[in-house]
Amino acid sequence: MADSIFAFFARHLPYDSAGFAAFAALLKSAVFILGFVMLLAGILTWMERRQSAMMQDRLGPCRANLGRFKAWGLLHFVADAVKMIFKEDFIPPKASKLLFALAPMLALAPVLIATAVIPFGAPLCYGRMTEAVPLGVCALPVEMQAARLDAGLLFYFAIASLAVYGTVLAGWASHNKWALMGGMRAASQMMSYEVTMGMAVMAMFLVYGTLEPGAMVNAQGNRPWQWGIWGVPQAIAFVLFLTAAIAENKRTPFDIPEGESEIVGYFVEYSGMRFGMFYLGEFIEIITSSAIAVTVFFGGWRFPFAGTLAASWPNWLFVLLSVGVWSLKVFLFCAFQLLIRWTLPRLRPDQLLKLGWQRLLPLSIANVVLAAGWVLFSR
Amino acid sequence: MAVTVKVVARPAGIRGHTYLVAVAEGMWVTFRHLMKNFPGNVLGLRKKTDIATLSYPEEKQAYPARNRGLHRLMKRENGDVRCVACMMCPTVCPAHCITIVPEEAPDNAVEKRPRIFEIDELRCVVCGLCVEACPCDAIRMDTKVHAPPTLRRADAILDMEALLARGEPSIATQGGTGPFWREKV
């Protein structure tokens, strides 16, 4: 059965054909985005409330049971989705209809597109899926990455920074002063921290000598002490990246654009699934930034004994395991981001800009110089 | 800055300026709570958690022993009502919610009993004075039951049958056969 399927693909879609590349990319992005990113984003909306409750000695949402199926209230995200879809879709009378409808799409689409460059597993060996294939010897590897671009993480930054248009447009189109203030705050904040984020990762570009996340994973070892974070400029880059990524996601302690206790933020006029798109976009950004951090600093899909397992297990099973390990790492990192979000209080806007431009940006530029020196003298 | 604003000096040194240590300390506190509550509550691995919330309809907080709930009338050994219609409780009741109509009791030792004993639970202020006033342990408020919601106001008036439904034989002696209370001390 499996052999006949492989034979069918080998005959009609040879490895180096354009059709194969397109088909593989489509399949990978569909499976990855629908099967992992959207699902995990949904789970994170529940986990954010449940984990924060656990941290604050509360119970949190635990009631969305489907008959006997309880799962600790995990189905709350399904209930939320149903609620948001069936809620009244209200557009303020004086709002700009087109921009109001466009803004949530512009907020959600870029963060989904930006996931394309993330490698989420070990490469699958085309044509030898049922054999054991040691790492790095495969002639026809199918990378577990929707798009393998030479620009790599630059593509991620370029696309992810488009999300600011969604927030600013939402603030502008709502015809609401609070929304406008939120949108303006979001613009200044995301512009500021974009620079630091790029500079922090630029130090890692120097260390790895590549922009391509797949190549970065290949440059790291299987064992935890061979991962990318070990080293002075790498560790500084990690702290800078994490700080800037949280600020970029507009989450506490940098949730000034939202600031739910002062202004409700750029999406104050949104309801139903339009609000849900902003909400989902925020959680997908957590996943994406976690995935980038795992890829660059924590070895991507790599785990101890991966080399031995690759040489003994069937290739498809090993790839599945590597995807599982990668998912677990990303999940743990998301949980860590939620821990940060529910621990730290919010900064003031002036503190935020001061931190961004006067502290983090000079530090990240100095770190690039440090990383250059590190690369120069450690070789 | 306005004169009324108190400017707090930044903590000195790299520790104070980066806040990294303070952030780590804060996260350790929240992580500790997470690690205590998550395995206990979500996974059910440990009994003791810090969570004070009760899942109300399933879990209920036990009422203290002196909680005053819905009234009940106690019974004699033969199942008759203990009340002798002495009118102490309607007299002391500040809300005038107790109605007693007495009648002759067939038993000559008892002499008097209520023909009608009604308590309007909507008027009752749950002060417990009727229980204090009762000389023969006939009325009690120890049921720990809340007054149930009713569709009509009249339904909230409990008659003798309803009050006796929760009643039990009382072990208190009645009719002056016990020891005089001063001699006990």
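Values in this document were obtained by computation on a predicted structure and should not be read as measured data. In this numbering scheme, every chain counts its residues from 1 along its sequence in written order. Whichever chain is written first becomes A and whichever ligand is written first becomes 1, with later ones labelled in order. Only residues with pLDDT of 70 or above have their local features reported here, since the model is predicted, and side-chain atom pairs are shown and tallied only from 80 upward, although totals for entire chains, interfaces and linings are computed over all residues. Note: side-chain values were computed over all heavy atoms of the structure, leaving out hydrogens and water.

## A word on the overall build of chain B
Point 1. Only DSSP runs of H or I reaching four residues or more are called helices, and only runs of E reaching two or more are called strands; each is numbered from the N terminus. Helix and strand counts for chain B stand at six helices and five strands.
Point 2. Ordered by position from the N terminus, the helices and strands of chain B form the series α-α-β-α-β-β-α-β-β-α-α.
Point 3. For chain B, whose C-alpha radius of gyration is 29 Å, the value lies well above the compact-globule estimate of 16 Å for 185 residues.
Point 4. Here a residue-residue contact requires only that any non-hydrogen atoms of the pair lie within 4.5 Å. Long-range pairs, those at least 24 residues apart, make up 60% of the contacts in chain B between residues at least 6 apart in sequence.
Point 5. We get accessible surface area from the Shrake-Rupley algorithm with a probe of 1.4 Å; when it comes to residues, only the shown protein chains can shield them. Here chain B displays about 13,300 Å² of accessible surface, and carbon together with sulfur accounts for 58% of that area.
Point 6. Neither His nor the chain termini are counted; the positive set is Lys and Arg, and the negative set is Asp and Glu. By convention, charge coordinates are those of NZ in Lys, CZ in Arg, CG in Asp, or CD in Glu. Averaging the coordinates of the 26 positive side-chain charges in chain B and doing the same for the 21 negative ones gives two points 13 Å apart. Just to be clear, the radius of gyration here is over C-alpha atoms, and the globule rule we use is 2.2 Å times residues to the power 0.38.

## Quick word on a nonpolar patch on the surface
Point 1. A surface patch of nonpolar side chains, about 730 Å² in accessible area, is lined by Trp72 of chain A together with Trp28, Phe31, Met35, Phe38, Leu43 and Leu45 of chain B.
Point 2. Looking at the element boundaries, Leu43 of chain B is found in the loop between α2 (20-42) and β1 (72-73).
Point 3. Per-residue accessibility, obtained with a 1.4 Å probe over protein chains only, is compared with the maximum for each type, and a residue is labelled buried under 20%, exposed over 50%, and partly exposed between these values. Judged by its relative accessible area of 43%, Leu43 of chain B is partly exposed. Residues with no salt bridge and a relative accessible area higher than 30% make up the patches, which join like charges within 9 Å and nonpolar side chains (Val, Leu, Ile, Met, Phe, Trp, Tyr) within 5 Å. A pairing counts as a salt bridge when a side-chain nitrogen of Lys or Arg comes within 4 Å of a carboxyl oxygen of Asp or Glu.

## Comments concerning the interface of chain B and chain A
Point 1. The interface of chain B with chain A comprises 21 residues on the first partner and 17 residues on the second.
Point 2. When the buried surface of chain B facing chain A is broken down by residue, Met27, Leu34 and Val42 of chain B rank first, second and third, together holding 32% of it.
Point 3. For the pair chain B and chain A, the interface holds one salt bridge.
Point 4. Whenever two N or O atoms come within 3.5 Å, that pair is a polar contact, provided that in protein one can donate a hydrogen and the other can accept it, and provided that, for residues adjacent in sequence, both atoms are side-chain atoms. The tally of links between chain B and chain A comes to five residue pairs in polar contact (both at pLDDT 80 or more).
Point 5. Note that Gly is not counted as nonpolar here; it falls among the polar residues with everything else outside the nonpolar set of Ala, Val, Leu, Ile, Met, Phe, Trp, Tyr, Cys and Pro and the charged set of Asp, Glu, Lys and Arg. Within the side of chain B that touches chain A, the residues separate by chemical class into eleven nonpolar, seven polar and three charged. Defined in terms of a 1.4 Å probe, buried area is the accessible area two parts forfeit on being brought together, summed over both.

## Concerning the pattern of salt bridges
Point 1. Evaluation of the coordinates by the stated rule reveals 20 salt bridges over all chains.
Point 2. As a salt-bridge pair, Glu282 of chain A and Arg251 of chain A come within 3.0 Å of each other at their nearest N and O atoms. Here the residue Glu282 of chain A occupies a position in helix α10 (residues 272-297), and Arg251 of chain A occupies one in the loop between α9 (232-248) and α10, the gap between them amounting to 31 residues.
Point 3. According to the relative accessible area criterion, Glu282 of chain A is buried, its value standing at 11%.
Point 4. What makes Arg251 of chain A buried here is its relative accessible area of 3%.
Point 5. For the salt bridge of Asp137 of chain B with Arg140 of chain B, the shortest nitrogen-to-oxygen distance reads 2.9 Å.
Point 6. Residue classification places Asp137 of chain B among the partly exposed residues on the basis of a relative accessible area of 21%.
Point 7. Arg140 of chain B gets classed as partly exposed once you look at its relative accessible area, which sits at 21%.
Point 8. Shared partners join several salt bridges into a network, and the residues in it are Arg72, Asp137, Arg140, Asp142 and Glu168 of chain B.

## A look at α9 of chain A
All names here are of chain A.
Point 1. Over its 17 residues, α9 extends 24 Å from the first C-alpha to the last, a length consistent with the 24 Å expected when each residue adds 1.5 Å.
Point 2. Of all the 17 residues making up α9, 13 are buried; the element is thus mostly covered by neighbouring parts of the structure.
Point 3. Within two residues after α9, Lys250 carries a phi angle of roughly 60°, on the positive side. Helix span, as expected, comes to 1.5 Å for every residue beyond the first.

## Some details on the domain arrangement of chain B
Point 1. We note that the domain assignment places domain 1 (14-60) and domain 2 (72-166) within chain B.
Point 2. Throughout the structure description, domain borders are defined by an automatic or database domain assignment. Computed over C-alpha atoms only, the centres of domain 1 of chain B and domain 2 of chain B are separated by 50 Å.

## Quick notes on the side chain of Lys329 of chain A
Point 1. Here Lys329 of chain A shows up in helix α12 (residues 315-341).
Point 2. Setting aside chain neighbours within four positions, we find Lys329 of chain A in contact with Trp227, Val294, Phe298, Gly299, Gly300, Trp301 and Arg302 of chain A.

## What to know about the sheet that holds strand β5 (residues 157-158) of chain B
Point 1. Across the sheet, which stays open at both edges, the three strands sit in the order β2-β3-β5 (chain B) with antiparallel pairing between neighbours. Looking along the sheet, the strands with just one partner apiece sit at the ends: β2 (98-104) and β5 of chain B. When DSSP finds two or more bridges between a pair of strands, those strands are recorded as paired.

## Quick word on the packing of aromatic side chains
All names here are of chain A.
Point 1. Pairing of aromatic rings covers Phe, Tyr and Trp, the last counted by its six-membered ring, and requires centre-to-centre distances within 6.5 Å; plane angles under 30 degrees mean stacked, over 60 mean edge-to-face, and any other angle means tilted. Counting across every chain of the model gives 24 aromatic pairs over all chains.
Point 2. Taking 6.0 Å as the distance between ring centres and 70° as the angle between the ring planes, the aromatic pair formed by Phe238 and Phe333 counts as edge-to-face. Of this pair, Phe238 sits in helix α9 while Phe333 sits in helix α12, and the two are 95 residues apart along the sequence.
Point 3. Overall, Phe333 belongs to the buried group, its relative accessible area being 8%.
Point 4. Residues Phe267 and Phe275 carry aromatic rings whose centres are separated by 5.2 Å and whose planes lie at 75° to one another, so their mutual orientation is edge-to-face.
Point 5. Under the relative-accessibility criterion, Phe267 is labelled buried at 9%.
Point 6. Taken together, the aromatic side chains of Phe100, Tyr266, Phe267, Tyr270, Phe275, Phe278, Tyr279 and Phe283 make up a single cluster linked through ring pairs.
Point 7. Note on criteria: charge over ring means Lys NZ or Arg CZ within 6 Å of the ring centre, with the direction from the centre no more than 35 degrees off the ring normal. Sitting over the face of the ring of Trp227, Lys329 holds its NZ or CZ atom 3.8 Å from the ring centroid.
Point 8. Against the face of Trp342 rests Arg341, its NZ or CZ located 4.2 Å from the ring centre.

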